[in-house]
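What follows is each chain in one-letter form.
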Amino acid sequence: MKNLLKNLFLIKVLIILIKLTGLTLAWISVIKQGVEPIKPLFIVGAVFMFGSIIFQMIFLRCPHCNKELSSIGRLGDYCPHCGGRLDGEE
Ligand SMILES: [Zn+2]
């Protein structure tokens, strides 16, 4: 299971990308079209951000204790909850 850390890393990168995309879309919507009334582009952006949170809750988990890992900051070599190695090696 050498690829596990890589996978968790990829998942994290994906979450950040989705979140940034949503943030950018919502931001463009507010800048170009204003806040009121709420525009479809803003909703799409919000859905992206919401989706990234769901994605994170489902996939960004420790393989040992199954607890959620933080999406903020660097993904460490060890789980902050149980201390298990995140690259899958005991
Ligand atoms: Zn753990």
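The structure contained in this document is the topic of the report that follows. (Residues numbered from 1 in each chain as written. Predicted model: local features only at pLDDT ≥ 70, side-chain atom pairs only at ≥ 80, totals over all residues. Heavy atoms only, no water.)

### A few points about unusual backbone geometry
Logical step 1: Phi is positive for Asn-66, which is not a glycine, with a value near 65°.
Logical step 2: By the element assignment, Asn-66 lies in the segment after α2 (40-59). (Helix = DSSP H or I, 4+ residues; strand = E, 2+ residues; numbered from the N terminus.)

### Structural notes on the environment of Leu-86
Logical step 1: Along the polypeptide, Leu-86 turns up in the segment after α2.
Logical step 2: Here Leu-86 falls in the buried class, since its relative accessible area comes to 1%.
Logical step 3: Taking the C-alpha atoms as reference points, Leu-86 and His-64, separated by 22 residues in sequence, lie 8.2 Å from one another. (Buried < 20%, exposed > 50% of the residue type's maximum accessible area, 1.4 Å probe, protein only.)

### Quick look at a nonpolar patch on the surface
Logical step 1: A cluster of nonpolar side chains, contributed by Phe-50, Ile-53, Ile-54, Met-57, Ile-58 and Phe-59, occupies part of the molecular surface with about 570 Å² of accessible area.
Logical step 2: By the element assignment, Phe-50 lies in helix α2. (Patch = residues over 30% accessible without salt bridge, like charges linked within 9 Å, V, L, I, M, F, W, Y side chains within 5 Å. Areas by Shrake-Rupley, 256 points an atom, 1.4 Å probe, with all protein chains shown as cover. Salt bridge = Lys/Arg side-chain N within 4 Å of Asp/Glu carboxyl O.)

### Concerning the coordination of the zinc ion
In a perfect tetrahedron of four donors around a metal, the angles come out at 109.5 degrees. In a perfect octahedron of six, they are 90 or 180 degrees.
Logical step 1: The coordination sphere of the zinc ion, as far as protein atoms go, consists of Cys-62 (SG), Cys-65 (SG), Cys-79 (SG) and Cys-82 (SG), spread over 2.2 to 2.3 Å.
Logical step 2: Classification of the site at the zinc ion as tetrahedral follows from its four donor atoms and the range of 103 to 115° in their angles at the metal.
Logical step 3: On the accessibility criterion, Cys-79 (4% relative accessible area) is buried. (Donors = N, O, S within 2.8 Å, 3.2 Å for Na, K, Ca; no water. Tetrahedral: all angles 85-135°; square planar, octahedral: opposite > 155°, others 65-115°.)

### Points about the packing of aromatic side chains
Logical step 1: In total, this model carries one aromatic pair according to the counting rule given.
Logical step 2: Between Phe-55 and Phe-59, the ring centres sit 4.8 Å apart and the planes meet at 50°, which makes this aromatic pair tilted. With Phe-55 and Phe-59 both in helix α2 and four residues apart, this pair spans about one turn of that helix. (Phe/Tyr/Trp six-rings, centres within 6.5 Å; stacked < 30°, edge-to-face > 60°.)

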